[in-house]
Amino acid sequence: SSDLGVLGPNGSGKTTLIRVLSGVLKADSGMIRIAGRDIGELSAKTRARHCATVAQNNPALPGVRALSLVLMGRYPYVSFLGGYSDQDHRRAREAMSETSCLHLGHRPAEALSGGELQRVITAKALAQDTSLLLLDEAASNLDVARTMDLYELLRAKNASGLTVLTVAHDLNLAALYCQRLVFLKNGSVAADGPTREIFTSQTLSEIYETPLAVAEHPIT
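What you see is a predicted model; the values in this text were computed from it and never measured.

K.L.:
Would you mind going over the packing of helix H4 (residues 86–98) against helix H5 (residues 114–127) with me for this structure?
P.N.:
To characterise two packed helices, one gives the angle between the axes of the helices and the distance between these axes. The interhelical angle for the contact between H4 and H5, taken along N-to-C directions, is 135 degrees, at an axis separation of 8 Å. One way to sum up the angle between H4 and H5 is to call them oblique. Considering the relative orientation of H4 and H5, their crossing is right-handed. Where H4 abuts H5, its residues Arg91, Ala92, Ala95, Met96 and Glu98 lie against Ala123, Leu126 and Ala127. Within the contact of H4 with H5, the residues separate by chemical class into 6 nonpolar, no polar and 2 charged.

K.L.:
Help me out: how do you make sense of H4 in this one?
P.N.:
Because the α-helix completes a turn every 3.6 residues, residues three or four places apart line up on one side. Spanning 13 residues, H4 covers 18 Å between terminal C-alpha atoms, matching the ideal 18 Å at 1.5 Å per step. Buried within H4 we find Asp88, Arg91, Ala92, Ala95 and Met96. The buried side chains of H4 occupy one side of the element, clustering within an arc of 135 degrees when seen end-on. Buried residues in H4 make contact with helix H3 (66–71) and H5. In the stretch just after H4, Ser100 is the one whose phi turns positive, near 55 degrees.

K.L.:
In this structure, what is going on with helix H1 (residues 14–22)? I would like to understand it.
P.N.:
Considered for burial, the residues of H1 that qualify are Lys14, Ile18, Val20 and Ser22. Contacts from the buried residues of H1 go to strand E1 (3–7), helix H2 (44–50), strand E4 (51–54), strand E5 (132–136), strand E6 (163–167) and strand E7 (180–185).

K.L.:
Could you clarify how one ought to interpret the nonpolar core in this entry?
P.N.:
Side chains that are nonpolar tend, in soluble globular proteins, to be buried together. The biggest cluster of nonpolar side chains holds 36 residues, and the ones touching the most others in it are Val54, Leu69, Val70, Met96, Val120, Leu133 and Leu135. Among the secondary structure elements, those contributing two or more residues to this core are E4, H3, H4, H5, E5, helix H6 (144–159) and helix H7 (171–177). At 7 residues, H5 tops the list of elements feeding residues into this core. Residues contacting Val120, with those up to four places away along its chain left out, are Ala66, Leu69, Val70, Cys101, Leu104 and Leu112. By size, the runner-up hydrophobic cluster in this structure holds 14 residues, among which are Val6, Cys51, Leu165 and Val182.

K.L.:
In this structure, what is going on with the sheet that holds E7? I would like to understand it.
P.N.:
By way of backbone hydrogen bonds, the strands of a sheet pair with one another, either parallel or antiparallel. Taken together, 6 strands build an open sheet; the order of strands is E4-E5-E6-E1-E7-E8 and the sheet is mixed. Only two strands of the sheet have a single partner each, and these edge strands are E4 and strand E8 (188–194). Neighbour-to-neighbour, the strand axes of the sheet open up by a mean angle of 15 degrees, direction not taken into account. Summarising the sheet, E5 and E6 pair through 5 bridges and their orientation is parallel. Bridge pairing in E6 links Leu132 to Thr163. The strands touched by H1 are E1, E4, E5, E6 and E7; relative to E5, the strand with the most contacts, the crossing angle is about 150 degrees.

The rules behind the values
- Residues numbered from 1 in each chain as written.
- Predicted model: local features only at pLDDT ≥ 70, side-chain atom pairs only at ≥ 80, totals over all residues.
- Heavy atoms only, no water.
- Axes fitted to C-alpha atoms, helices over the stretch in contact; angles between N-to-C directions.
- Helix = DSSP H or I, 4+ residues; strand = E, 2+ residues; numbered from the N terminus.
- Parallel < 35°, antiparallel > 145°, perpendicular 65-115°, else oblique.
- Left-handed = near helix turned anticlockwise from the far one by under 90°.
- Contact = heavy atoms within 4.5 Å.
- Nonpolar A, V, L, I, M, F, W, Y, C, P; charged D, E, K, R; others polar.
- Expected span 1.5 Å × (residues − 1).
- Buried < 20%, exposed > 50% of the residue type's maximum accessible area, 1.4 Å probe, protein only.
- Arc of directions from axis to C-beta.
- Core = buried A, V, L, I, M, F, W, Y, C linked by side-chain atoms within 4.5 Å.
- Pairing = 2+ DSSP bridges.

Below, the structure written as C-alpha cells:
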C-alpha cells in the first residue's frame, strides 16, 4: 500500500486526474489499470469493489438520511434482488463511527452542514471496503480538529493496507502525511518522488511561482 499526495496550482489537472482514475471521465490516451485490469473492461460494480472516491463537493440527496447515504457504499456487494444485509449495516455503522458521524445517522443529508456531510461521504467510501481510496480535497469543509482526525484515520488505514491517493491544497498536511508526492502543473507531472526528497523550497517555488520556504516540523 502507499499514501500518495497530488498537489499543484489551480487548474493543473488534479480533479481531472481523480475523475479519470475513478472512471468518471475517459482518458484521451494511455491505459489505467486497477488491480492489474484495464478499468475500461470493468463494470461499474466491479470497479466500485476496487476503488472508492470522496469528491470535493457532494450534493445532498433530498430525503435521504445519513445512514442510508453511507449504506450506498455497500452497493457493490448487494445481489440483484437482495437488500442490505446485517453485515452491510454493521460496516456502514463502523465507518460512521470511524469518521465521528454515527450520531448523524437519522438526520436528513440536506440538513447537515458542509463538514458533517463530508464526514458522511467519507464514511460511505470507507464502507465500500476497497483497496484504493481516491480523495479530492476531502478536508475542504472540515475544521482543523476534524481535518487532523481525518488524516490520522487515513494514516491508520494506509498502515493496514489501504492505498490512498489524496488531492490537496494544504502543502503542510501533504508533507506530514504523504509518503510520496506528485506535483502537477499545466496538465503535466512537474515533479514526483518521496516526500523528503521532493518537498523542497526550490521545487515548491518553481511550481507555484512564488517564494516558499521549507523547514523541519518542530515536533515530528
